Amino acid sequence: MAGDLQAKYSKLAQEYSKLRAQNQVLKKGVVDEQANSASLKDQLKQRDQSLRKVEQEMDSLSFRNQQLAKRVELLQEELVTSEAKSKKGKSKGDSPSQQGLQTQSVFDEDLQKKIQENERLHIQFYEAGEQHRHQEGQMRARLEELESQSAQHQAVVDGLNARYTEAVERLQTDKARMETKSQTLEHESKECRMRAEECQQQLRRCQAELSRQLKQSSSVIQEKVPFNDTKLSDFNSLNVPAHNRRHQLKARDLAGQALAFVQDLVAALLNFHSYTEQRVHIYPRDSSIEPISPLNQKFSQYLHENAAYVRPLEDGLLQLHQSITEDTVTVLETVGKLKLFADHFSAYSHFLQKILPYQLKSLEEECNAPFCTAALTAKNRELQSDVTCITTQFDKLSNYINLLALPSVRQDALPQTSMSAVFTQLSACLHSLQDAVKEMSKHYSQKASLEGELSNVTEKLRTTTECLLGSLVSLNNCTSKIATFFSNNLDFFTSSPGYGPRGGPATLDPLQAESMLANKKKAATYLHAIQKPRPQSVPYKEALANRRVLTSSTESREGLTQQVNQSQEKIARLEQEKEHWLLEAQLGKVRLEKESQRIGELEAQLAAAAAAARGAPASVAPATALPPADASAHDQDDAEAAPKCPGTEPTTSTSLVGMLSTTFSTENVGDEESREQLIKDHYMARVGELTSQLQVSDSKAVHFHAECRALAKRLALAEKSREALSEEVKVANQNVTRLQDDLTTTKRSYEDQLSMMSDHLCSMNETLSKQREEIDTLKLGSKANAKKNKGR
C-alpha cells in the first residue's frame, strides 16, 4: 500500500513539474506577445512619422510642381514673344532664326522630360501612399487582433494559474493526508506483521498439537477399535446418516414455488381447453344455428372432460408440498407423493394424445370451409404442427417425471449417476415446451387477425378468440416461469443432498430415513430436557461482592452509630451550656438595668448636692444629662468598684465554647416569663433557619434534576449529531472520491488544452516571424523609394 502511495505521489509530482514547465512556456509566450505588440506599436509610430515625412515631401513636390508649371507658362509666353520677334526679324537673316529654333527645341525637350518625370513621380507617390495606407490598415487590424488574442491568452493564463494553484494546494493537502495515511498504514502493517508472526507461532503450536492428537487418536483407534465399519459397504449401510435441515428448508421452499407455478399452469390450461370447446361450437359452424359435425361433437365432449385430468395436477403437487416438512427426509427414494403426481401428469399426457387427432381434424375442417382463405389455411397448418409439438413435449415431460418417481417405488430403478442427466433433460424439455407454446400463441394471434378481416365473423367468435389468445398468453408466461425456475435451481436438483452413511454412497433407503428421523426426535427431546430453566441463584462472584458490601456496610454502620452517639452527647452538652449561658445573659441584662437605675439615682443625687453647694438649683437639669462618654466612664468606675462591694462574689464557668467569669449578686433577680420568651424566640429562630435550609436544599434538588434532564437531552442530541456527522463523513468521503475523479479528468483536459495552447503559440510565433519579415521588407522598400526620391 505504501509503495502504491509513493508511486501515486511521484506521478503527481511529475505531472506537477510538467504543468509548471508548461506554465513557464505560456508565461514566456505571453511576454513575447507583449514585446511583439510593443514593437508593433513602435513600428506603427515610425510608419506614422514616415507618412508625415512623405506628406511633407508631397507638399513640397506639389509646391515645386506649381513653380515649374508657372515657369513653363512663362517660358511659353517667352516662346510666343520670341516667335513673334522672329517673324518680325525674318529679314535680318537666317542665322539668328536658326539659333533661336535650336534653343527653342532644346527648351521644348527639357520641358517635355520634366513634365513626364513629374507625372511619373505623381503616379509613384500616389501608388506609394495608397500602398502605405493599405498596409497601415492591415497592420492596425492585425495589431488589434493580436492585442485581443494576447488579452485572451493572458486571461486564460491567469485562469490556468489560479486553477493550478488550487490544484497544487489540493495536491499538497492530499499529499499531507496521504503521508499521514501512509504512516498509519505502515503502523498497521507493522501490527499486521506482528499478528502474522503470532498467528504463525499459534499455527505451529496448533499443528504440533494436532499432530500429537492425531498420533494419540490413531494409537487409540488401533488399540481400542476392533474394526472400521466404514470400509465395508455392508457394515456401513447399517450406520445412520445425519439429518440435513438446510436441505429440507430449501426443498420445501422450492416445492412451494413450484406449487404456485403449477397452479397458474392449471388455470391457464383450464381456460385454454374451455375456450377451445366454445370455439368448436361457434366456428366453422354455429351450434345455435346449425348442428356441428360429429367430429367436433366428439372433440367438444372430450374437451369438456379436461378438468378431470388437469385439476389432479394441482392436487398431486399440493400433497407433495405438504409431505415435505422440516422433520422429513426429502430425496427421490423417500418422496412417495411424487409417484402420485407422475401418475396424474401421465393421465393428462394421455388425455392430450387422445384429443390430438380430433384437434387436427377440426383444424382441417376449418381449412375446408368455403370462406377460409389461403393464408388461414397456412396458419391452420402451422397450428397443427404446434399442437403436435406441444403434445410431444408433454409426453416427454411425463416420461422424465415417471423416471424421477421410480426410486420411491424401487430403490435400484434409477442409478445415482443418471439422476443429473434426467434433471438436465427435464429442464431442456421445459424450455422446448415454452418455445412451442410461444410459437402457437404467435400463430394463433396471426390467425385471429386474418379472421377479423373476414366479413362473416360474428362478435361472439371475436370475443371467444380474444379469450383464447389471453389463455395462450398466460400459458406462455407460466411455461416461461417454470422453465426459468427449473434452470435457476438445476444445481440444487442435480447436487447430492448429503444423506447417507459416512464414507459410503450418498443413497438413502426408507428404513435409514425412518431411523434417522427417530434419532433426530430423540436428540431434540434430549436437548429440550437438558435445556430446562434452572432455578435462579446468585452467582458466586456477585455473592462475594455482596458479602464485602455487607461487611463494609456493617462496619461503617457501627462506626456511624458511635459517631452519632458522640454527636448526640456533644449536642446535649452544648444545649445545656446554651441554656446556662442564656440564663446568664438574662441575669446580666437584669443587673445591667438595675445598675443603670442606680447610676441614674447617684447622678441625680450628685447633681442635687452640687446645686445645693453652689446655690443654683437651675443646674440640676444639665447635670442629670451626662454625655455618653462620661456615662461610660462612670460605668467603668462602677465596674472597677463593683468587686469591692461586700454583696458580690466572682465565679468562673468553663465549657466547649470557652471560659467566662461572672459575678452573681446576692439579690434574687429571676424572671420566669422573660426566660420562657427568650427560649421560645431562640427555638423559633432555629426553626426558621432549618426551614430556609430545607427550601434551599429543595431548590438545589430541583435545579439538579432539571440540569440532569437537560444533560440527558443534550446527550440524545449529541448522539443524533454524531450519527448525522458520521453520515456527513460518509458523504464527504464519497465527495472526495468524486472530486479526485474530477481532478483526474480536469488534469487530462488541462493537459490537452496546454498542448493546444503550445501548438497555437508556435503557430502565432511563426505568423509573427512572417509579419516581421514583411515589415522588414516594407521598411527596406520604403527606404529605397525615399533614397530614389531624394536622388531624383
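Residues numbered from 1 in each chain as written. Predicted model: local features only at pLDDT ≥ 70, side-chain atom pairs only at ≥ 80, totals over all residues. Heavy atoms only, no water.

Quick word on a positive patch on the surface
Defined as follows: Exposure above 30% relative accessible area and no salt bridge define the residues that can form patches, which grow by joining like charges within 9 Å and nonpolar side chains of Val, Leu, Ile, Met, Phe, Trp and Tyr within 5 Å. Where accessible areas are quoted, they stem from the Shrake-Rupley method and a 1.4 Å probe; at the residue level, only the protein chains shown are allowed to cover. Any carboxyl oxygen of Asp or Glu within 4 Å of a side-chain nitrogen of Lys or Arg constitutes a salt bridge here. In this tally, Lys and Arg are treated as positive and Asp and Glu as negative; His is ignored, and so are the chain termini. To locate a charge, the coordinates of NZ of Lys, CZ of Arg, CG of Asp or CD of Glu are taken. Note on conventions: DSSP H or I runs of at least 4 residues are helices, E runs of at least 2 residues are strands, and numbering of each starts at the N terminus. Relative accessibility decides the category of a residue: with a 1.4 Å probe and only protein chains considered, values under 20% of the type maximum give buried, values over 50% give exposed, and everything between is partly exposed.
A grouping of Lys53, Lys783, Lys787 and Lys790 is seen on the molecular surface, where their side chains present a positively charged patch. Among the secondary structure elements, lysine 53 is positioned in helix H1 (residues 2–88). Using a relative accessible area of 54% as the deciding quantity, one classes lysine 53 as exposed.

A word on the packing of aromatic side chains
Quick note on the threshold: Any two of the Phe, Tyr and Trp rings considered here, Trp counted by its six-membered ring, make a pair once their centres fall within 6.5 Å; the pair's planes then place it as stacked at under 30 degrees, edge-to-face at over 60, or tilted in between. Look at NZ for Lys and CZ for Arg. If either is within 6 Å of the ring centre and within 35 degrees of the ring normal, a charge sits over the ring.
Scanning the model with the defined rule gives 11 aromatic pairs in all. Taking NZ or CZ as reference, lysine 354 lies 4.8 Å from the ring centre of tyrosine 302, over its face.

Describing the side chain of arginine 279
Note the following rule: Whenever two N or O atoms come within 3.5 Å, that pair is a polar contact, provided that in protein one can donate a hydrogen and the other can accept it, and provided that, for residues adjacent in sequence, both atoms are side-chain atoms. The contact criterion used is simple: two residues touch if any of their non-hydrogen atoms lie within 4.5 Å.
Summarising the element assignment, arginine 279 is placed in helix H4 (residues 245–282). A distance of 2.5 Å separates polar atoms of two side chains, one belonging to arginine 279 and the other to glutamate 451. If near-sequence neighbours (up to four positions away) are discounted, arginine 279 is found in contact with Glu366, Tyr444, Lys447, Glu451, Leu461, Thr464, Thr465 and Leu468.

Things to note about the confidence of the model for the protein chain
Cut-off, in case you're wondering: The quantity called pLDDT is the predictor's confidence in a given residue, expressed from 0 to 100.
Here the protein chain averages 78 in pLDDT, and 82% of its residues register 70 or above. Contacts of residues 616–670 to residues separated by more than four positions or lying in other chains number 56 contacts, the stretch itself having pLDDT below 50.

Brief notes about the packing of H4 against helix H6 (residues 307–323)
When two helices pack together, their arrangement is given by the angle between their axes and by how far apart the axes lie. For clarity, the threshold we go by: Fitted lines through C-alpha atoms serve as axes, helices being fitted only where they are in contact, and the angles separating the N-to-C directions of these axes extend from 0 to 180 degrees. Orientation categories follow fixed angle ranges, with anything under 35 degrees roughly parallel, anything over 145 roughly antiparallel, 65 to 115 roughly perpendicular, and all other angles oblique. Following the grouping adopted for this structure description, the nonpolar residues are Ala, Val, Leu, Ile, Met, Phe, Trp, Tyr, Cys and Pro, the charged ones are Asp, Glu, Lys and Arg, and the polar ones are all others, Gly among them.
Closest axis-to-axis distance for the H4/H6 pair is 9 Å, and the angle between their directions is 170°. Classified by the angle between their axes, H4 and H6 sit roughly antiparallel to one another. Contacts between H4 and H6 involve Arg252, Ala255, Gly256, Ala258, Leu259, Val262, Gln263, Val266, Leu269, Leu270 and His273 on the former and, on the latter, Ala307, Val310, Arg311, Leu313, Glu314, Leu317, Leu318 and His321. In the contact of H4 with H6, the residues fall into 12 nonpolar, four polar and three charged.

Some points on the environment of leucine 397
Following the sequence through the fold, leucine 397 ends up in helix H8 (residues 374–409). Exposure remark for leucine 397: the relative accessible area of 4% places this residue in the buried category. Counting along the chain gives 32 residues from leucine 397 to cysteine 429, while the straight-line C-alpha distance between them is 6.6 Å. In contact with leucine 397, other than residues within four places in its own chain, are Phe345, Leu426, Cys429, Leu430 and Leu433.

What to know about the side chain of glutamate 33
In this structure, glutamate 33 sits in helix H1. It turns out glutamate 33 is buried and unbridged, and the closest side chain with the opposite charge, arginine 142, is 7.9 Å from it.

Let's talk about the packing of H6 against helix H7 (residues 337–367)
As a reminder of what qualifies: When the near helix sits turned anticlockwise from the far one by under a right angle, the crossing is termed left-handed; a clockwise turn instead gives a right-handed crossing.
Axis separation between H6 and H7 bottoms out at 8 Å; the angle between their running directions is 165°. Overall, the two elements H6 and H7 adopt an arrangement that is roughly antiparallel. Remark: the crossing between H6 and H7 carries left-handed chirality. Here Tyr309, Val310, Pro312, Leu313, Gly316, Leu317, Gln319, Leu320 and Ser323 of H6 come into contact with H7, specifically with Lys337, Leu338, Leu340, Phe341, His344, Phe345, Ala347, Tyr348, Phe351 and Lys354. The class makeup of the residues in the contact of H6 with H7 is 13 nonpolar, four polar and two charged.

Concerning the state of the cysteines
This is how it is decided: Pairs of cysteine sulfur atoms within 2.5 Å are identified as disulfides in what follows.
For the structure on display, the rule yields zero disulfides. Lacking any disulfide linkage, cysteine 389 is separated from the closest cysteine sulfur, that of cysteine 429, by 9.2 Å. According to the relative accessible area criterion, cysteine 429 is buried, its value standing at 4%.

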